[in-house]
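Below are the chains, spelled out letter by letter.
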Amino acid sequence: AEEYITCELDEISIYDAIYGDKLGNQVAKIKNPYPQMKGQFIGIKMAHPTFINSECYAIFDKKAKINSGDIVAVSLNENKAIIRKLYLVDKDIVTLRPVLEDGDILTLVEDQIKNMNIIGKYCYAISPFLNQ
């Protein structure tokens, strides 16, 4: 994931998607609404039923330590990143559960875990209209 563009603390780049560790199209660059938070942030545009036009920017800290129960952006087998709650069941078993949207519970074992790329830990979601 070292291909990510490092942002200044007051700016966050937003992408339409992330595949594995490859960035999709940059759709916005926003001022960080929480400058007191320290980290290396990246955003993904996503659908969310409680925001205007059902869209929001989900912001993730790509340098944060991940613990069992955290919400993360994760890419499996270089596919488009999804947002899931990650549980470390055992050293060889990881479960990914949906957060808001419908979806399957995914259980990964051994080699499947090696093909998992955690983009970052969820920090907050904001409206795309915040900076207008």
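For the structure, see preceding data.
### Examining the overall build of the protein chain
(1) Moving on: Regarding its fold elements, the protein chain presents one helix and 11 strands.
(2) Moving on: Each helix and strand of the protein chain, placed in order from N terminus to C terminus, yields the pattern β-β-β-β-β-β-β-β-β-β-α-β.
(3) Moving on: In the protein chain, buried positions account for 35% of the 132 residues.
(4) Moving on: Within the protein chain, contacts between residues at least 6 apart in sequence are counted, and of these 46% link residues at least 24 apart.
(5) Moving on: Within the structure as shown, the protein chain displays about 7,700 Å² of accessible surface, and the carbon and sulfur contribution to it stands at 49%.

### Concerning the pattern of salt bridges
(1) Moving on: As enumerated under the stated definition, the model contains six salt bridges in all.
(2) Moving on: In this structure, Lys29 and Glu11 form a salt bridge, with 3.7 Å as the shortest nitrogen-oxygen distance. Of this pair, Lys29 sits in strand E4 (residues 26-31) while Glu11 is found in strand E1 (residues 11-15), placing the two residues 18 residues apart along the sequence.
(3) Moving on: Given the relative accessible area of 47%, Lys29 is considered partly exposed.
(4) Moving on: The class of Glu11 is partly exposed, set by a relative accessible area of 33%.
(5) Moving on: Two residues, Lys121 and Asp70, come together in a salt bridge whose shortest N-O distance is 3.6 Å. With Lys121 in strand E11 (residues 116-126) and Asp70 in the loop between strand E6 (55-61) and strand E7 (71-76), the pair connects residues that are 51 residues apart, well separated along the chain.

### Considering the nonpolar core
When a protein is soluble and globular, its nonpolar side chains tend to lie buried together.
(1) Moving on: Listed in full, the 10 residues of the largest apolar core are Tyr15, Ile18, Ile42, Ile44, Ala58, Phe60, Ala73, Ala81, Ile83 and Ile119.
(2) Moving on: In terms of nonpolar packing, the next biggest core, distinct from the first, is built from nine residues, Ile14, Ala28, Ile30 and Ile126 among them.

### Details of the environment of Leu106
(1) Moving on: Along the chain, Leu106 turns up in strand E10 (residues 106-109).
(2) Moving on: C-alpha separation for the pair Leu106 and Thr95, spaced 11 residues apart in sequence, amounts to 5.6 Å.
(3) Moving on: Those residues in contact with Leu106 that lie beyond four places of it in its chain are Leu76, Ile82, Val94, Thr95 and Leu96.

### Concerning the side chain of Asp61
(1) Moving on: Among the structural elements, Asp61 can be located in strand E6.
(2) Moving on: Put simply, Asp61 is tucked away with no salt bridge, and the nearest opposite charge, on Lys121, sits 8.0 Å away.
(3) Moving on: Here the side chain of Asp61 touches Lys63 through a polar contact of 2.9 Å, landing on its backbone nitrogen.
(4) Moving on: A distance of 3.5 Å separates the side chain of Asp61 from the backbone nitrogen of Ala64, its partner in a polar contact.
(5) Moving on: For Asp61, the contacting residues outside a window of four places in its chain are Lys38, Gly39, Gln40, Phe41, Gly120, Lys121 and Cys123.

Cut-off values and rules
- Residues numbered from 1 in each chain as written.
- Predicted model: local features only at pLDDT ≥ 70, side-chain atom pairs only at ≥ 80, totals over all residues.
- Heavy atoms only, no water.
- Helix = DSSP H or I, 4+ residues; strand = E, 2+ residues; numbered from the N terminus.
- Buried < 20%, exposed > 50% of the residue type's maximum accessible area, 1.4 Å probe, protein only.
- Contact = heavy atoms within 4.5 Å.
- Areas by Shrake-Rupley, 256 points an atom, 1.4 Å probe, with all protein chains shown as cover.
- Salt bridge = Lys/Arg side-chain N within 4 Å of Asp/Glu carboxyl O.
- Core = buried A, V, L, I, M, F, W, Y, C linked by side-chain atoms within 4.5 Å.
- Lys, Arg positive; Asp, Glu negative; His and termini not counted.
- Polar contact = N/O pair within 3.5 Å; in protein donor to acceptor, adjacent residues only side chain to side chain.

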